[in-house]
Amino acid sequence: MSIFFQINSFKDNLGILKNPYSFLVKNEVKPEQVNGIFLYSKATKVVYSDKMNQITSFSKKENIPIYVCINSLIRHGNKLKKNENIDGHLLIVSGLGQLIESILKSEKTIIIGSL
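Counting restarts for each chain: residues are numbered from 1 in the order of the written sequence. Residues qualify for local features only when their pLDDT is at least 70, as the model is predicted, and side-chain atom pairs are given and counted only at 80 or more; totals for whole chains, interfaces and linings, by contrast, use all residues. Neither water nor hydrogens contribute to the side-chain values; these are computed over all heavy atoms in the structure.

### Examining the overall build of the protein chain
Tallying secondary structure elements over the protein chain gives five helices and six strands in all. Using a 1.4 Å probe on the protein chains alone, a residue whose accessible area is under 20% of its type maximum counts as buried, one over 50% counts as exposed, and one in between counts as partly exposed. Counting only residues that meet the buried cut, the protein chain has 46% of its 115 residues in that class. A separation threshold of at least 6 residues defines the contact pool for the protein chain, and within that pool the share at least 24 residues apart is 81%. Put simply, DSSP H or I for four residues or longer makes a helix, DSSP E for two residues or longer makes a strand, and each gets a number counted from the N terminus. By definition, residues are in contact when any of their heavy atoms lie within 4.5 Å.

Next up, the structure:
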């Protein structure tokens, strides 16, 4: 089963930031099932913070792409260049078209955080 994560906010879901593996186990998801992570809305605020280290390390080790919504970045004052490396992992700057495509290609989508 392929699973896609849309993360809108980390406010009530800090577990995924602290330890992505524990978060997946708790939700009965295996890393090899995850086909992408899309940071949207308030979740883009942490792109340049130390809080991203666990997510980028996890995604690099498991070869999971991280997409970041360009409009959310702009709205929250970040200036991430297109497809920038952070901590040795590529963050792919994209739009809502990528989000829709990824949701349609996945068998399951897990949405984390409210808008």
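### Observations concerning the pattern of salt bridges
Salt bridges are defined by distance alone: a side-chain nitrogen of Lys or Arg within 4 Å of a carboxyl oxygen of Asp or Glu. Throughout the structure, instances matching the rule amount to one salt bridge. For E101, the salt bridge is made with K105, and the minimal N-O distance between the two is 2.9 Å. Pair noted here: E101 and K105 are both in helix α5 (residues 96-105), with a separation of four residues, about one helical turn.

### Brief notes about the confidence of the model for the protein chain
Think of pLDDT as the predictor's per-residue confidence, scored from 0 to 100. Averaged over every residue, the pLDDT of the protein chain is 82; the share at 70 or more is 84%. Confidence scores differ between elements of the protein chain, with strand β4 (residues 84-86) showing the lowest mean pLDDT of 61 and α5 the highest of 94.

### Thoughts on the environment of I111
Position of I111 relative to the elements: it lies in strand β6 (residues 108-112). Sequence-wise, I111 and Q6 are 105 residues apart; in three dimensions their C-alpha atoms are separated by 4.8 Å. Excluding anything up to four places from it in sequence, I111 contacts Q6 and N8.

### Here's the deal with the environment of S106
Its location among the elements puts S106 in the loop between α5 and β6. Along the backbone, S106 and V34 are 72 residues apart, and their C-alpha atoms lie at a distance of 9.1 Å. Each residue touching S106, except ones within four places of it in the same chain, is listed here: S2, I3, F4 and N35. Whenever two N or O atoms come within 3.5 Å, that pair is a polar contact, provided that in protein one can donate a hydrogen and the other can accept it, and provided that, for residues adjacent in sequence, both atoms are side-chain atoms. Only 2.8 Å separates the side chain of S106 from the backbone oxygen of S102, close enough to count as a polar contact.

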